[in-house]
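Residue-level structure breakdown
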Amino acid sequence: MSSSAMHVAQTGLTSQQYKLQVIANNLSNVNTTGFKRERANFQTQLYQTLSQSGGAEAGSEGKNSSFSVGTGVSIVNTQKLHTQGAVIATENSLDLAINGLGFFQVLTPDGSLGYTRAGNFSRSADGVLVDPNGHVIQPQIQIPTDATSITINSAGEVNVLTPGNTTSQNVGQIYLANFVNPVGLQPIGQNLFAETEASGTPIEGTPALGGFGKLQQGFLESSNVDVVQQLVDMIETQRAYEVSSKSIKAVDEMLQYVANNL
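Please read these numbers as outputs of a predicted model, since none were measured by experiment. (Residues numbered from 1 in each chain as written. Predicted model: local features only at pLDDT ≥ 70, side-chain atom pairs only at ≥ 80, totals over all residues. Heavy atoms only, no water.)

1. Observations regarding the overall build of the chain
Assigned secondary structure in the chain consists of 2 helices and 20 strands. Relative to the 2.2 N^0.38 estimate, which gives 18 Å for 262 residues, the radius of gyration of the chain is 27 Å and therefore markedly larger than a compact globule would have. Projected onto its principal axes, the C-alpha positions of the chain cover 100 × 40 × 35 Å. A fraction of 64% describes how many contacts in the chain between residues 6 or more apart in sequence connect residues 24 or more apart. In the structure as shown, the chain presents an accessible area of about 14,600 Å², 52% of it carried by carbon and sulfur atoms. The centroid of the 12 positive side-chain charges in the chain is displaced by 8 Å from the centroid of its 20 negative side-chain charges. (Helix = DSSP H or I, 4+ residues; strand = E, 2+ residues; numbered from the N terminus. Rg over C-alpha atoms; globule rule 2.2 N^0.38 Å. Contact = heavy atoms within 4.5 Å. Areas by Shrake-Rupley, 256 points an atom, 1.4 Å probe, with all protein chains shown as cover. Lys, Arg positive; Asp, Glu negative; His and termini not counted. Charge placed at Lys NZ, Arg CZ, Asp CG, Glu CD.)

Structure (structure tokens):
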């Protein structure tokens, strides 16, 4: 029984280690554009049932509660919380924030689409709109090298002004993608998410229409990490880890007592 208690306490240590790693990752990305904080979700492990409730045996009364002993805890998943981050002004014409639902679409090196909330775009050497890692925004938008002004409205229309012209010309349209279950998206690094069976297929639409968020030029969406809350969670995790450690120590002392005195 004591060795079983030690195993239960060990599952607590392991789970709290994972939770602390999640918290550390949230805090380290507090300044990452478009970052969405994560939460560790836990579940009980299988119970050891020594006797069932109800069902009286011969010559006895039935129990109104079972005799079940828990075998510990496990972390079931980490969940991205896709709440809106604060929108910060940058005054950079190629910085875009999504105020509302949706993801920007970029082409990854393996030919698949990646989805991101980070709108810190720039022009490549060829004048193509790309993210900081060189991924081309989809559909591709070519900006003339001699463009003197770039305007992107809330609906994603990209207009530029070139020398010798008094009126701007449209050079592209930014579309957003959304998912039935954004929590099911797989984070793959570089501020990108990948489609999965759990997320469902992407639904493409025009910004500011059909439930999609509107674009704000000259702004970026900051991380939605609440530093104060993360610090509170870190202290709570540390205390839980200490308690599990003390449980293992107590079990070890009990086993030593049995070995030395019985």
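2. Things to note about the packing of aromatic side chains
Evaluation of the coordinates by the stated rule reveals 4 aromatic pairs. Both rings, one in Phe104 and one in Phe121, keep their centres 5.0 Å apart while their planes meet at 90°; by these two values the pair is edge-to-face. Here Phe104, found in strand β7 (residues 104–107), pairs with Phe121, found in the loop between β8 (113–116) and β9 (122–123); they are 17 residues apart in sequence, far enough to count as distant. Judged by centre distance (4.9 Å) and plane angle (85°), the ring pair of Tyr115 and Phe179 falls under edge-to-face. (Phe/Tyr/Trp six-rings, centres within 6.5 Å; stacked < 30°, edge-to-face > 60°.)

3. Quick word on the sheet that holds strand β12 (residues 149–152)
Here 3 strands make up an open sheet; going across it, the order is β12-β13-β14 and the pairing antiparallel. Unpaired on one side and paired on the other, β12 and β14 (169–173) mark the two borders of the sheet. The average angle at which neighbouring strand axes cross in this sheet is 25°, direction not considered. Sheet analysis places strand β13 (residues 157–161) next to β14, joined by 4 bridges and oriented antiparallel. Note on β14: the bridge partner recorded for Val160 is Gln169. (Pairing = 2+ DSSP bridges. Axes fitted to C-alpha atoms, helices over the stretch in contact; angles between N-to-C directions.)

4. Overview of the nonpolar core
Counting 19 residues, the largest nonpolar core has Phe104, Leu129, Ile143, Ile174 and Leu215 as its most contacted members. For this core, the secondary-structure elements that each account for two or more residues are β6 (96–99), β12 and β13. Apart from the residues lying within four places of it in its own chain, the contact partners of Ile174 are Leu96, Phe104, Leu129, Ile137, Ile141, Ile152, Ala155, Gly156, Val158, Pro207 and Leu215. Listed in part, the 6 residues of the second largest apolar core include Phe103, Tyr115, Phe179 and Leu185. (Core = buried A, V, L, I, M, F, W, Y, C linked by side-chain atoms within 4.5 Å. Buried < 20%, exposed > 50% of the residue type's maximum accessible area, 1.4 Å probe, protein only.)

5. What about the pattern of salt bridges?
Going through the model one piece at a time under the given rule, you end up with 5 salt bridges. Here Glu236 makes a salt bridge to Lys19, at a shortest N to O gap of 3.2 Å. Here the residue Glu236 occupies a position in helix α2 (residues 227–261), and Lys19 occupies one in helix α1 (residues 2–28), the gap between them amounting to 217 residues. On the basis of relative accessible area, Lys19 is assigned to the buried category, the value being 17%. (Salt bridge = Lys/Arg side-chain N within 4 Å of Asp/Glu carboxyl O.)

6. A few points about unusual backbone geometry
Residue Pro139 is reached from Gln138 by a cis peptide bond, and omega for that bond is -5°. Residue position: Pro139 is located in the loop between β11 (136–137) and β12. For Asn191, which is not glycine, the phi dihedral falls at a positive 65°. Residue class for Asn191 comes out partly exposed when judged on its relative accessible area of 29%. One non-glycine residue, Ala208, adopts positive backbone phi at about 70°.

7. Focus on α2
With 35 residues, α2 ought to run about 51 Å at 1.5 Å a step, and its terminal C-alpha atoms sit 51 Å apart, in line with that. All of the buried residues in α2 are Gln230, Asp233, Thr237, Ser244 and Val251. The residue sitting at the N-terminus of α2 and contributing the capping side-chain oxygen is Asp226; that oxygen lies 3.2 Å from the backbone nitrogen of Val228. (Expected span 1.5 Å × (residues − 1). Polar contact = N/O pair within 3.5 Å; in protein donor to acceptor, adjacent residues only side chain to side chain.)

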